[in-house]
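What follows is each chain in one-letter form.
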Amino acid sequence: MLISIRNLRKIYRMGQVEVRALDGVDLEVEAGEYLAIMGPSGSGKSTLMNLIGCLDTPTSGEYILNDQRVSDLDDGELASIRNHEIGFVFQTFNLLARATALANVELPLIYARVPARERHRRAREVLERVGLGDRVKHQPNELSGGQQGRVAVARALVNKPSILLADEPTGNLDSKTSAEIMELFDELNAAGNTLIVVTHEEDIAAHARRVVRMLDGKVVADERTSPAKAAP
Amino acid sequence: MIWDNLLIALQAIRANKMRSLLTMLGIIIGVAAVIAVVSIVQGLDHVISTQFEGVGVTYIMVFPRQDLQDPDLAGREVTLTYEDGLAIMERATGLRYFNPIFVRGEVTRSGSRRHASMLLGVGPFHQEVSNHWVDRGRFFSDLDMQRSARVCMVGQEVIDELEIEEPILGTDLIVGSSAFTIVGIMEYQGEMLGQNQDDFVLIPITTARGIYGIEAFKQLRLDFQAESPETVQMAKDQIKEILRVRHRIPEGVKNDFQVLLQEELLETTGAILGTITSVVAGIVSIALLVGGIGIMNIMLVSVTERTREIGVRKAVGARKSDILIQFLIEAVTISLVGGLIGVLVGWGLGILGANAIPGFPPAFVPLWAIALAFGFAALVGVFFGTYPAAKAAALDPIEALRHE
């Protein structure tokens, strides 16, 4: 099992009020799955994604990622897990504006302490894989929305993570660019990558093979739209 | 990692050229002020030191002390004679050479040219004591001294001013109302603090006594060379003792002479220059403080502006220490680049300043001043960069990613 979550809770205290952003979530994800997490705003899907992505620590409960109990790791260890196990694709892609596509993709490798030459080689390789081999020296403002998305995906993939986490990846895109990104996701999943996409759009979720629906901090539905691919 | 951070820092500086320059201004002004003043002061110090070092640490100078304001001296005839010098050489230990010096301004003439120079009556060991030697010709012989011969040595400036032509040696020179034959030319010494060091005529002290008389010889300057640096202080004490006895100075009354060591001359000038330097250092530390606050301010702005970037970096695996180092390096880079510009500007100002004052020695920037300037700039960067960098490092990645 790649992800094993048991009774996960995240409680925020705002003065006297207790906000149960996550209220006992259980979830298991196998390698190679293509999962969509859906729900209205305030349902806890973002909190769940932050916890899966090791950006946050739970109030209680257990989260095991790749046989590691990440629910009780400290800050520095979480940074290392994010670096090696998680690839993020953010809603607005969050590319560094003044850095080239290559430099953006190299970022995780810098923090993995990969030597410069090796870094260039691997970043270039991944950019070629997402079809941007001829755009490595371009800055984000010289790239189209779809191309920026590809750079973001390349950055997420470059350190060979166990999970690709996407937060509303098409939230700000026109339908043509959205389709382009989703097509890339489908290809990545077909190639064996584990994908978790947080979205509130049904047609995006339709690309996934499994849809988890959340409401008020709880999982209310977990449907498999088509059988998950077995782990290789 | 450090290298990558340095590139990121340089990129950030280049992206905001004007802002970076303004931020650096405090550091630039501070460092430039240090370097400019230090370069001028050190130029001065350098020249003075090399001049005094020429005579060596064993050099002792005794001269009559005349102070009309001093009740101890009032009504006394202040004298310092050749006999005093001989008595000192006889009784004091640890002295090697003695050179009595008679000083007087005189007009020199050659052909139709006239020129005012310094006339010095000197003893046979003038060369050894003042460490200033004959360049061409010969120094006075014992016979010259015994016979009060009418011979002289000249400095280069006298030759130039009077336009004496070759062969210089053997040419007659009128000094005051007496004629002398030039037997030697002294080594060229150049200028010191705008004063020509080669505008003099040397004659044997015995000759000077014959011409100017006993009365004019009551106030000489007595120069000595001690045997070794260890005996200088002892010799100085003995000279004081011997002269007080010879001059019959009662207990509790001040000396009517002054004994100076080369070391003390250096210390005095060193102390003056040191005071100037520390006053400037005080002003500069304020400039650096202001510069540092400027850096802190701009770094805080930079951290706020780049909150999302920090979030992204953390999300892809940057540790707190990575972010801390990145922003610290950026702060230090700004202060060091400011320091570099400051050193160059200050150096230029020093050269301009030294050239603008006539007769001033060339500016001289010692390596320690540059090292100090850079050290301080780096320190300012680290000190004032730490708070913004720590603030950046402590950012919560989720909050940072949400930041608009």
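Source: prediction; values computed, not measured. (Residues numbered from 1 in each chain as written. Chains lettered and ligands numbered in written order. Predicted model: local features only at pLDDT ≥ 70, side-chain atom pairs only at ≥ 80, totals over all residues.)

With that settled, consider the overall build of chain A. Looking only at helices and strands, one finds 7 helices and 10 strands in chain A. Counted over contacts in chain A with a minimum sequence separation of 6, partners at least 24 positions apart contribute 68%. (Helix = DSSP H or I, 4+ residues; strand = E, 2+ residues; numbered from the N terminus. Contact = placed C-beta atoms within 7 Å.)

What follows deals with the overall build of chain B. Looking only at helices and strands, chain B features 13 helices and 12 strands. Residues counted as buried form 37% of the 404 residues belonging to chain B. Long-range pairs, those at least 24 residues apart, make up 83% of the contacts in chain B with a sequence separation of at least 6. (Buried ≥ 20, exposed ≤ 12 C-beta atoms within 10 Å, placed from the backbone.)

Residue-level contacts link 19 residues of chain B with 21 residues of chain A. Going through the elements one at a time, α1 (2–15), α10 (307–315), α11 (320–356) and α13 (397–402) of chain B are the ones with two or more residues in the side of chain B that touches chain A. The element best represented in the side of chain B that touches chain A is α10(B), accounting for 6 residues. Considering only residue class, the side of chain B that touches chain A consists of 9 nonpolar, 2 polar and 8 charged. (Nonpolar A, V, L, I, M, F, W, Y, C, P; charged D, E, K, R; others polar.)

This paragraph deals with the pairing of strand β3 (residues 113–122) of chain B. Residue and element names in this part refer to chain B. As judged from the 10 bridges shared by strand β2 (residues 95–110) and β3, these two strands associate in the antiparallel manner. Each bridged residue has a counterpart across the sheet, and for R104 the counterpart in β3 is L119. In the sheet, β3 pairs with strand β10 (residues 200–204) via 5 bridges, with the strands oriented parallel. From the neighbouring strand, V122 faces β10, where its bridge partner is P204. (Pairing = 2+ DSSP bridges.)

Another aspect to go through is unusual backbone geometry. That bond from E166(B) to P167(B) is cis: its omega, -5°, falls within 30 degrees of zero. Here P167(B) is to be found in the loop between α6 (156–162) and β6 (172–175). A positive phi angle, close to 60°, is found at C54(A), a residue other than glycine. Within the secondary structure layout, C54(A) lies in the loop between α1 (45–52) and β4 (60–65).

To continue, consider helix α8 (residues 232–246) of chain B. Here α8(B) is 15 residues long and its end C-alpha atoms lie 21 Å apart, about the 21 Å a rise of 1.5 Å per residue gives. Where the residues of α8(B) are buried, they touch β1 (59–64), α3 (82–91), β2, β11 (221–226) and β12 (257–261) of chain B. (Expected span 1.5 Å × (residues − 1).)

Moving on: the sheet that holds strand β6 (residues 86–89) of chain A. Residues and elements named next belong to chain A. The mixed open sheet is built from 6 strands, whose spatial order is β6-β7-β8-β3-β9-β10. Since the sheet does not close on itself, it has two edges, and those belong to β6 and β10 (218–224), each with one partner. The average angle at which neighbouring strand axes cross in this sheet is 20°, direction not considered. Where strand β3 (residues 34–38) lies against strand β8 (residues 194–198), 4 bridges are found, and the strand directions are parallel. Bridge pairing in β8 links I37 to V198. (Axes fitted to C-alpha atoms, helices over the stretch in contact; angles between N-to-C directions.)

Time to look at the confidence of the model for chain A. Looking at chain A as a whole, the pLDDT averages 89, with 97% of positions reaching at least 70. Throughout residues 227–232 of chain A the model reports pLDDT below 50, and contacts reaching past four residues in sequence, or to other chains, amount to 12 contacts. (pLDDT = per-residue confidence, 0-100.)

A regular strand carries its side chains on alternate faces of the sheet. Residue and element names in this part refer to chain A. Counting buried residues along strand β7 (residues 163–167), 5 of its 5 residues qualify, which places the element largely inside the surrounding structure. Judged by which residues are buried, β7 turns out to be covered on both faces: I163, L165 and D167 on one side and L164 and A166 on the other are all buried. As paired strands, β6 and β7 are joined by 4 bridges and run parallel to one another. Its bridge partner lying in β7, F88 is registered against L165. As paired elements, β7 and β8 share 5 bridges and run parallel to each other. In the sheet register, L165 faces β8, and the bridge partner there is I196. Handedness of the crossover joining β7 and β8 through helix α6 (residues 175–190) is recorded here as right-handed. (Right-handed = clockwise from strand over helix to strand, strands pointing away.)

Counting residues in each nonpolar core, the largest one holds 122 residues, and the members touching the most others are I37(A), A154(A) and I35(B). Grouped together as the second largest cluster of nonpolar side chains are 46 residues, F102(B), L120(B), A208(B) and L222(B) included. (Core = buried A, V, L, I, M, F, W, Y, C linked by C-beta atoms within 7 Å.)

Once that is clear, we can look at the confidence of the model for chain B. For chain B, the average pLDDT comes to 85, and 97% of its residues sit at 70 or higher. Interface confidence for the predicted complex, given as ipTM, is 0.91, next to a pTM of 0.68.

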